[in-house]
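What the coordinates show
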Amino acid sequence: MKAVMLSEPGRIEVIEAPDERDPGLGEVRLRIEACSVCGSDLEGLHGQHPKMTFPRVMGHEVASVVDAVGAGVSNLTVGDRVAGTGHRACGSCAVCRSHRFAECANPGGPGFTAHGAYAEYMTVIAQDLVPIPESLTDDEAAVAQPVCIANHAVSGRARVEVGETVLIQGCGPIGLSAMMLAKLKGARVISTDTVDYRLQRATELGADLAINTSKEDVFSPIRDLTGGAGADKVIECVGGDQDDTLREAVEAVRSSGLVVVVGSFAANRATIPIIDFKFSEKSIIGSQGMPEGYPPVFDLMADGTLDVKPLITHRVPLDQAPRALDLMDRKAEEVMKVVLQPQT
Ligand SMILES: [Zn+2]
Ligand SMILES: [Zn+2]
């Protein structure tokens, strides 16, 4: 089968990979219909992802069709449309050697520590796969994964409520998803970024205010909107090789306000205005992954309450993955989300 292999940081190529094996106990083989390219794939490409091992077939934002079902799988049948990656059995632990793959002692995360969905097929443990609502396309279902990350930040961690003023830093796919979800909660949202077309997209999708922090002051508009108090909550969706956004978040949030960090940072330390932070009893908490899973997001998407289609700017065949990563790296062609389509 065709796959896209990142043999080491910086070296990515389309290869003819061995076919995926038939699913064993508790496993299914998936035919990948759509896999969107994530910012963390770019970190992987540059060798900056803290968890990714090499060589690696990346890809974790997936919509697929069940192609074959192993013994002991009762929740899925051939032809079912599913989202998510599940986990991959390691194939070499004692449990796997006795072919009880679903109980693998050392399962890998597809796209990071095991081969992922930049490929035509993928054999995984069936357990964590989620049915895709009929009304959603494969592309939308793939892109739902980062929306679930944003949902955890907005609902699970920030607990955004009606009437609050929320600053969301970053207008990438997660930042824009967080903005839309916070709007659905009834908040007033200020979005920031340094790239004009992304701010434009934020405004089109409902942000009350969009500020280019490389050109404009962020603090006075927030003070104007909040009677001088500051934002009730700040959700950091930038990360990367900088920590200015954390300093800005702590400054922009009101006394006793909350900063939620979603962005993935390259370095393991950051500087914040610690005196103001302490005296004003501000809080910073982290947000990781998507423990609420797909259902709350699929519920919003299935009836059109949340529309993620505007986040999808490019749809390309699998063998254009290297070009897609390059596009995203350069933020060229007004790219937001690129969806790879391995079956075209
Ligand atoms: Zn991702
Ligand atoms: Zn194993």
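So, how was this worked out
- Residues numbered from 1 in each chain as written.
- Chains lettered and ligands numbered in written order.
- Predicted model: local features only at pLDDT ≥ 70, side-chain atom pairs only at ≥ 80, totals over all residues.
- Heavy atoms only, no water.
- Helix = DSSP H or I, 4+ residues; strand = E, 2+ residues; numbered from the N terminus.
- Rg over C-alpha atoms; globule rule 2.2 N^0.38 Å.
- Buried < 20%, exposed > 50% of the residue type's maximum accessible area, 1.4 Å probe, protein only.
- Contact = heavy atoms within 4.5 Å.
- Domains from an automatic or database assignment.
- Buried area = accessible area lost by both parts, 1.4 Å probe.
- Salt bridge = Lys/Arg side-chain N within 4 Å of Asp/Glu carboxyl O.
- Polar contact = N/O pair within 3.5 Å; in protein donor to acceptor, adjacent residues only side chain to side chain.
- Donors = N, O, S within 2.8 Å, 3.2 Å for Na, K, Ca; no water.
- Tetrahedral: all angles 85-135°; square planar, octahedral: opposite > 155°, others 65-115°.

Okay, the overall build of the protein next. Helices and strands together make up the secondary structure of the protein, namely ten helices and 15 strands. Computed over the C-alpha atoms, the radius of gyration of the protein is 21 Å, within 12% of the 20 Å expected from 2.2 N^0.38 for a compact globule of 344 residues. C-alpha atoms of the protein, sized along the principal axes, occupy 65 × 40 × 35 Å. Relative to its 344 residues, the protein shows a buried fraction of 54%.

This next bit is on the environment of Tyr121. Relative to the assigned elements, Tyr121 resides in strand β6 (residues 121–125). Put simply, Tyr121 and Ile190 are 69 residues apart on the chain and 41 Å apart in space, counted from C-alpha to C-alpha. Residues within four places of Tyr121 in sequence aside, it is in contact with Met1, Glu20, Arg29, Leu30, Arg31, Ile32 and Asp67.

Domain annotation for the protein reports domain 1 (2–141 + 292–341) and domain 2 (159–286). Here domain 1 and domain 2 have C-alpha centroids that lie 30 Å from each other. Contacts between domain 1 and domain 2 engage 13 residues on the former and 14 residues on the latter. Counting each side, the surface lost to burial between domain 1 and domain 2 is near 1300 Å², with a carbon and sulfur contribution of 72%. The tally of links between domain 1 and domain 2 comes to zero salt bridges. At the surface where domain 1 touches domain 2, the tally comes to three residue pairs in polar contact (both at pLDDT 80 or more).

Attention shifts here to the coordination of the zinc ion (ligand 1). Working reference: metal with six octahedral donors, ideal angles 90 or 180 degrees; metal with four tetrahedral donors, ideal angle 109.5 degrees. Looking at the zinc ion (ligand 1), the protein donor atoms are Cys38 (SG) and His60 (NE2), and they sit 2.0 to 2.3 Å from it. Of this pair, Cys38 sits in the loop between β3 (27–36) and α1 (39–45) while His60 sits in the loop between α1 and β4 (61–69), and the two are 22 residues apart along the sequence.

So, about the coordination of the zinc ion (ligand 2). For the zinc ion (ligand 2), the full set of protein donor atoms is Cys90 (SG), Cys93 (SG), Cys96 (SG) and Cys104 (SG), at a range of 2.3 to 2.4 Å. Here the zinc ion (ligand 2) binds four donor atoms, and the angle range of 104 to 119 degrees at the metal identifies the geometry as tetrahedral. The class of Cys104 is buried, set by a relative accessible area of 9%.

Residues Phe54 and Pro55 are joined by a peptide bond in cis, for which omega reads -5 degrees. Along the chain, Pro55 falls in the loop between α1 and β4. The residue Lys331 is not glycine, and still its phi comes out positive at about 45 degrees. Residue classification places Lys331 among the partly exposed residues on the basis of a relative accessible area of 39%. Although it is not a glycine, Glu334 sits at a positive phi angle of roughly 50 degrees.

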